[in-house]
Amino acid sequence: MSNASVLVSEFVLHCAIEKDKMTFTIVALALIYLVTLFGNLMVIIVVIINPHLHNPMFVYIGTLAVIDMVNSTNVIPRMLAVLLFNATAVPYGPCLLQFSMVYYLSLAEGFLLSVMACDRYLAVVHPLRYPSIATNKMVWLSILLVNILAAAVLAPYVVFATELSFCRTNVLPYCFCDFVTMIHISCTEDPKHLTLLSSTTIVNGFGGLAVCIFSYSRIIVAAMKISSADGKRKAFSTMFTHLLVVFLFYMPLIISYMLPGIGVQLSAEAYNVLVIIAIMVPPMMNPIIYSFRNKEIKSSICRLCTGKRTNPVSQ
């Protein structure tokens, strides 16, 4: 294969959306983005300005909101530009950057969800030891570790992406730049690319999911010991909604990234739906599940919107 086949200056994004569904898709994407942006921005603001929320749980929630807001901003505006203005051409560098950000933020969110599950496990199952373990230093070290692990897992993807040759076409059958679709249209016949995809998905996906399930199952066992029926109901309601977000995030990504890695070819439509669910739905749902159902954050948002100051006594 000649070196010229490697030198692709740009990719063309091809959103395979039927014309009769185009308006609905554009409106849905715009609404999802606005809801995601507003919800996560409100969470970030109230966590920053309210000193009573400067504790491990809310620091993690604020960090999750940052990841979700950046991830949605990285993906949805580009999709809207393609659908509204037919801005399908993306230079090679920005395309590589977009897919790197998608993978990095998805990895970081997966690791963070595991850390948050462990934090809740310690708080509920070992409440006496929790203050000595979940110190501010430990919280920020765990957030740093989340980012380091995400960058370490991402690095081989970036290296392998630069090795791909595109001698047949530069059209990506997708609405944004993605590593899997790059592999499918490339001329490079090397199994290491799909092996990397399947192995990291299995380890990180199932590993993170297992940590979350273990932590929440132990919390459920602890909740069973609560004598109050109302207390049990609230505990189970919280655990169910948290697990719903975890499964909405992990399962579509595990299916869409692991199956191509083991040679199972998904249709473009099925792949698009799975990845879009994993990337767009959790960032929109997370502020509702983790934040707006929390009394402290709800009261902080109310005070922010009404202009009232925080009353330290009431906290």
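Just above sits the structure.
Note that the structure is predicted; figures quoted are calculated from it, not measured.

A. Region of interest: the sheet that holds strand 3 (residues 171–172). Read from one edge to the other, the open sheet built from three strands follows the order 2-1-3, with strand pairing classed as mixed. One side of each edge strand has no neighbouring strand; the edge strands of this open sheet are strand 2 (89–91) and strand 3.

B. Here's a closer look at a nonpolar patch on the surface. A cluster of nonpolar side chains, contributed by Met138, Leu141, Leu144, Leu145, Ile148 and Leu149, occupies part of the molecular surface with about 540 Å² of accessible area. With respect to the helices and strands, the residue leucine 149 is situated in helix 5 (residues 136–163). By relative accessible area, which is 37% here, leucine 149 ends up partly exposed.

C. Here's a closer look at the pairing of strand 1 (residues 10–13). Residues Phe11 and Leu13 line the buried face of strand 1, whereas the alternating positions Glu10 and Val12 sit on a face that is not buried. One ladder, built from three bridges, connects strand 1 with strand 2; its direction is antiparallel. When the sheet's bridge partners are listed, glutamate 10 is paired in strand 2 with proline 91.

D. Layout of the environment of valine 125. For valine 125, the location among the structural elements is in helix 3 (residues 92–125). Residue class for valine 125 comes out partly exposed when judged on its relative accessible area of 23%. The contacts of valine 125, once residues within four sequence positions are left out, are Arg218, Ile219 and Ala222.

E. How the structure looks around unusual backbone geometry. Positive phi, close to 55°, is recorded for asparagine 86, a residue that is not glycine. Its relative accessible area of 58% is what places asparagine 86 among the exposed residues.

What counts and how
- Residues numbered from 1 in each chain as written.
- Predicted model: local features only at pLDDT ≥ 70, side-chain atom pairs only at ≥ 80, totals over all residues.
- Heavy atoms only, no water.
- Pairing = 2+ DSSP bridges.
- Helix = DSSP H or I, 4+ residues; strand = E, 2+ residues; numbered from the N terminus.
- Patch = residues over 30% accessible without salt bridge, like charges linked within 9 Å, V, L, I, M, F, W, Y side chains within 5 Å.
- Areas by Shrake-Rupley, 256 points an atom, 1.4 Å probe, with all protein chains shown as cover.
- Salt bridge = Lys/Arg side-chain N within 4 Å of Asp/Glu carboxyl O.
- Buried < 20%, exposed > 50% of the residue type's maximum accessible area, 1.4 Å probe, protein only.
- Contact = heavy atoms within 4.5 Å.

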